[in-house]
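# Structural features, examined
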Amino acid sequence: MPVLGNLHQLPTRYTRIQFTSWAEQYGGIFSLKIAHGTTIVITSPRIIREFMDKRSASTADRPPFKLGEIIMDGLNVALAGAGNTWKNMRRAMHMFLTREACSRHLSIQHAEGIQLMYDLLKQPEAVSTHVQRQTISIILSTVFGIRTPRFQNSVASEFADMEHILEEIFEPGAIPPVDLLPVLQYIPEIWAPWKRTCRELRQKYQKIFSGLRDMCETRMKMNRRNGCFLEDVFNQQEKLGLTKPMIAAVGAACLEAGAVTTTSFFQTFILCLVHHPHVQRKAQAVIDDIVGTDRLPTMDDFDQLPYLQAVVHEVHRFFPPIPLGIPHRSTTDETVEGYLIPKGSTIFMNYYGIYHDPKLFDRPESFYPERYLLSEFGTKPGVDATGFRYDLHFGSGRRICPGIHFAGNAIKMNVINLLWAFDFHTTDASPRDEECPIRVDDFLPGIATGPKPFSCVARPRSEAHAELIRSEYTKARPIFSKFEQELSPEEAAFIESW
Ligand code: HEM
């Protein structure tokens, strides 16, 4: 296939599995020829450090992405090339996401953590929906100044539906390679159904994010500010060099990049708990020793508990929410491990392949937090761990995820709260392998993804736990009020009745 190169070998779904199998065969770095372009896949922390971190000036660009241009006018922070538009939007995001800025978001994160536990008391079998609502609501509140007290018929469910379709069509191989063969974009819509999907997505995308931005602007004009991030961006719009569409795009990037990934983490966490009751019991025992039932757990408690930290590292390892990262593009010719990487190459970092490499991890398909108590990065004895870091799957170089601290705080809070408060059980009776009860096909395809829906019930561990959650929820309500200025009558009625 001289024109398409390896394209015919690229699957249209679950690319991470194929890349991982090729990495076993060809090693920590291999290349694919797709049309006239070179695609590099790195499945080695050492090479990520050497090439992506240390030579970040020449690897921070993104490959062209026609779908991003069609749907988002090229203004998506995570997909934009490394020019001034990206720099200005990323600079704006730092005002909201540095470690220090994140300490200002703790009170709403804490209050939403309490609502999550309260929601699970009320609807123990809707675990996944409540986790999703909470993650989206925290970002909506802190970024746009509007929260979502329930999932159904809300901006949260509208966003989640749209995102689900976006993730599917963004997976490498999912649609014809219009970026490599631009002629494909001229095929009429009747033979190119992806074009219609893009058109519909564009309308939804613009409606949601322009709408949220305008709501914030109106609130500011009416002197009803609530301290959300977009207020700061409007105030410094000129200094930051942002147009009005870019303001909506900065907010969209936080919600898109932050909600899907963090929700995926919690869903994987709960899936792993459901299939490993002994991990739940061990984690609950260490929490009970220092917390008891007279107060809620805190992030300081989490910091004192190495076993909980090991659980978090193991969840990240077991299923990184962006298994192949977001591809970078090189802007100069570079030599890595003796191979020439031509300028303009598309580069994937195969985190999934690294974390599931049996040469690096003992029984990589098993969920086994103790591995992180036995060696620093959970690797097998004697393995060269050069290049490993706990945040490897958050990206590299100048593109590293700016949401690390925001996500880290949410993870600490929910992990300790949920283990303290609930036992998670499955209602699914289908037989599973005892050694590896979670299967590869328990996870969805897509570029930022997580587990398929799974059966799960959250049972409060005692009436004392439940009682404390109910009383803390009543105390947390006033913290929400400044983000509830634009609630619909149905949402207001829901809060009253909940
Ligand atoms: C468990 C949670 C998360 C994970 C695993 C994660 C992972 C990642 C990864 C792998 C990238 C690509 C980095 C690269 O290209 O090298 C990324 C980019 C990004 N993330 Fe996160 N992320 C998480 C949460 C968040 C949160 C909470 C936010 C914001 C509130 C956020 C905002 C972003 C943005 C804006 C980018 C694009 C950065 C750029 O291209 O310059 N992420 N993230």
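Our subject is the structure listed above.
The structure contained in this document is the topic of the report that follows. Keep in mind that what you see is a predicted model, and the values were worked out from it rather than measured.

Protein coordination of the iron atom of the ligand is limited to a single donor, Cys401 (SG), which sits 2.3 Å from the metal. Structurally, the position occupied by cysteine 401 is in the loop between helix 17 (371-374) and helix 18 (404-421).

Tallying each qualifying case throughout the model produces 31 salt bridges. Residue arginine 295 is joined to aspartate 301 by a salt bridge in which the shortest nitrogen-to-oxygen separation is 2.8 Å. Using a relative accessible area of 31% as the deciding quantity, one classes arginine 295 as partly exposed. In this structure, the salt-bridge partner of aspartate 442 is arginine 432, at a minimum N-O distance of 2.8 Å. Of this pair, aspartate 442 sits in the loop between strand 7 (422-425) and strand 8 (457-460) while arginine 432 is found in the loop between strand 7 and strand 8, placing the two residues 10 residues apart along the sequence. By relative accessible area, arginine 432 is classed as partly exposed at 23%. A cluster of three or more residues bridged by salt bridges with shared partners is formed by Glu112, Asp119, Arg133, Arg147, Arg477 and Glu484.

We now examine empty space enclosed by the protein. In the structure shown here, the tally under the stated rule is 3 cavities of 30 Å³ or more. Computed from the structure, the largest cavity encloses a volume of approximately 80 Å³. In terms of residue count, helix 15 (residues 306-318) provides more of the lining of the largest cavity than any other element does, 3 residues in total. A per-class count over the lining of the largest cavity returns 5 nonpolar, 3 polar and 2 charged.

Criteria and thresholds
- Residues numbered from 1 in each chain as written.
- Predicted model: local features only at pLDDT ≥ 70, side-chain atom pairs only at ≥ 80, totals over all residues.
- Heavy atoms only, no water.
- Donors = N, O, S within 2.8 Å, 3.2 Å for Na, K, Ca; no water.
- Helix = DSSP H or I, 4+ residues; strand = E, 2+ residues; numbered from the N terminus.
- Salt bridge = Lys/Arg side-chain N within 4 Å of Asp/Glu carboxyl O.
- Buried < 20%, exposed > 50% of the residue type's maximum accessible area, 1.4 Å probe, protein only.
- 1 Å grid on protein atoms, 1.4 Å probe; cavity = no way out; pocket = protein on both sides within 12 Å on 5 of 7 lines; lining within 4 Å.
- Points joined across faces, edges and corners; volume = space filled by probe spheres on them.
- Nonpolar A, V, L, I, M, F, W, Y, C, P; charged D, E, K, R; others polar.

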